[in-house]
Amino acid sequence: MILLKLFYEFFKAGLFAVGGGMATIPFLMDMADNTDWFTRAQLADMVAVSESTPGPIGVNMATYVGFTAAGIPGALMTTLGLVTPSVIIILLVARVLKQFRHNRFVEAGFYGLRPASAGLIGAAGVGVASMALLKAGASITESFAINWKAVALAAVVLVLSNWVKPTKKWHPIAFIGISAVVGVVFRFAGV
């Protein structure tokens, strides 16, 4: 029964998370709150690992959740659940898009999806930022719960990646690797 529930929950996430893998994060936060499959802290770890490994973030996280909840069959069900809506929609859209691409309603629909996608990705960004920059279990309104080491690291990476000429052209993987080392050296876990 858990396999069907895993498939169903990730099918919903895949169906409504317009905008890519980051848009699945609000759905995953809801799952963390309503199931015992993973916690928000584990979700933060999943985001970090998924961002630093090849492949789509949503699929990486779905596979991880499925594996932790029900082993290899769970990993398969969550991955299939997440990608099935996209495959179905792509097949349907590809079949009819040529006929209706220049229809003003279709164009308006696609145009309307852009802000929805931006909103979901923005919500994911706020959620990831709060998970990364606040101490575990804290809310945004608790200023004493700010993880100052994480804020300092984020500020340094922001400055180095955008405004310091020698490091501005570094590949994002370099910043991810250096940040991981800094996290280990300065013991970011459990802060």
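Everything here concerns the structure above.
From a predicted model like this one, the values you see are computed outputs, not experimental measurements.

(A) View of a nonpolar patch on the surface. On the surface, Leu15, Phe16, Val18, Ile89, Val93, Phe110 and Leu113 cluster together into a nonpolar patch covering about 530 Å² of accessible area. The set of elements that each furnish at least two residues to the nonpolar patch consists of α1 (2–16), α4 (57–100) and α5 (104–133). In this structure, Ile89 sits in helix α4.

(B) Representation of α4 within the structure. Helix length check: α4 (44 residues) gives 31 Å between terminal C-alpha atoms against 64 Å at 1.5 Å per residue, more than 12% under. Of all the bends in α4, the greatest, near 145 degrees, is centred on Ala70, and the proline Pro73 appears no more than four residues after it. Those residues of α4 that are buried lie in contact with α1, α2 (25–34) and α3 (40–52).

(C) Seen up close, the environment of Ile72. Among the structural elements, Ile72 can be located in helix α4. You can call Ile72 exposed: its relative accessible area is 57%. Separated by 33 residues in sequence, Ile72 and Phe105 place their C-alpha atoms 43 Å apart.

(D) Broad picture of the pattern of salt bridges. Overall, the coordinates contain two salt bridges when judged by the stated rule. Here Lys12 and Glu9 are joined by a salt bridge, their closest N and O atoms 3.4 Å apart. Taken together, the positions of Lys12 and Glu9, both in helix α1 and three residues apart, correspond to about one turn of that helix. What makes Lys12 partly exposed here is its relative accessible area of 29%. Exposure remark for Glu9: the relative accessible area of 14% places this residue in the buried category. For Arg40, the salt bridge goes to Asp33, with nearest N and O atoms at 2.9 Å. The partly exposed category is assigned to Arg40, whose relative accessible area is 36%.

(E) Highlighting the side chain of Thr167. Structurally, the position occupied by Thr167 is in helix α7 (residues 165–168). The class for Thr167 is buried, based on a relative accessible area of 9%. A polar atom in the side chain of Thr167 sits 2.7 Å from the backbone oxygen of Leu160. In this structure, Thr167 is in contact with Leu160 and Phe175, ignoring residues within four places of it in sequence.

(F) Quick peek at the environment of Pro115. Assignment of secondary structure puts Pro115 in helix α5. Relative accessible area serves as the criterion here: at 52%, Pro115 is assigned to the exposed category. Separated by 96 residues in sequence, Pro115 and Gly19 place their C-alpha atoms 9.7 Å apart.

(G) Region of the structure containing the nonpolar core. Ranked by size, the top nonpolar core spans 20 residues in total, and within it Phe10, Leu28, Met31, Phe38, Leu43 and Met61 carry the most contacts. Among the elements of the structure, α1, α2, α3, α4 and α5 are those that each provide at least two residues to this core. Setting aside residues up to four positions removed in sequence, Phe10 forms contacts with Leu28, Met31, Ala62, Val65, Thr78, Gly81 and Leu82.

(H) Just the packing of aromatic side chains, in detail. The full count for this structure, using the stated rule, is two aromatic pairs. Centre to centre, the rings of Trp170 and Phe175 are 5.5 Å apart; their planes meet at 40 degrees, and the pair counts as tilted. By relative accessible area, Trp170 is classed as partly exposed at 39%.

Rules used in this analysis
Residues numbered from 1 in each chain as written. Predicted model: local features only at pLDDT ≥ 70, side-chain atom pairs only at ≥ 80, totals over all residues. Heavy atoms only, no water. Patch = residues over 30% accessible without salt bridge, like charges linked within 9 Å, V, L, I, M, F, W, Y side chains within 5 Å. Areas by Shrake-Rupley, 256 points an atom, 1.4 Å probe, with all protein chains shown as cover. Salt bridge = Lys/Arg side-chain N within 4 Å of Asp/Glu carboxyl O. Helix = DSSP H or I, 4+ residues; strand = E, 2+ residues; numbered from the N terminus. Expected span 1.5 Å × (residues − 1). Bend = angle between axes of the 7 residues up to and from the residue. Contact = heavy atoms within 4.5 Å. Buried < 20%, exposed > 50% of the residue type's maximum accessible area, 1.4 Å probe, protein only. Polar contact = N/O pair within 3.5 Å; in protein donor to acceptor, adjacent residues only side chain to side chain. Core = buried A, V, L, I, M, F, W, Y, C linked by side-chain atoms within 4.5 Å. Phe/Tyr/Trp six-rings, centres within 6.5 Å; stacked < 30°, edge-to-face > 60°.

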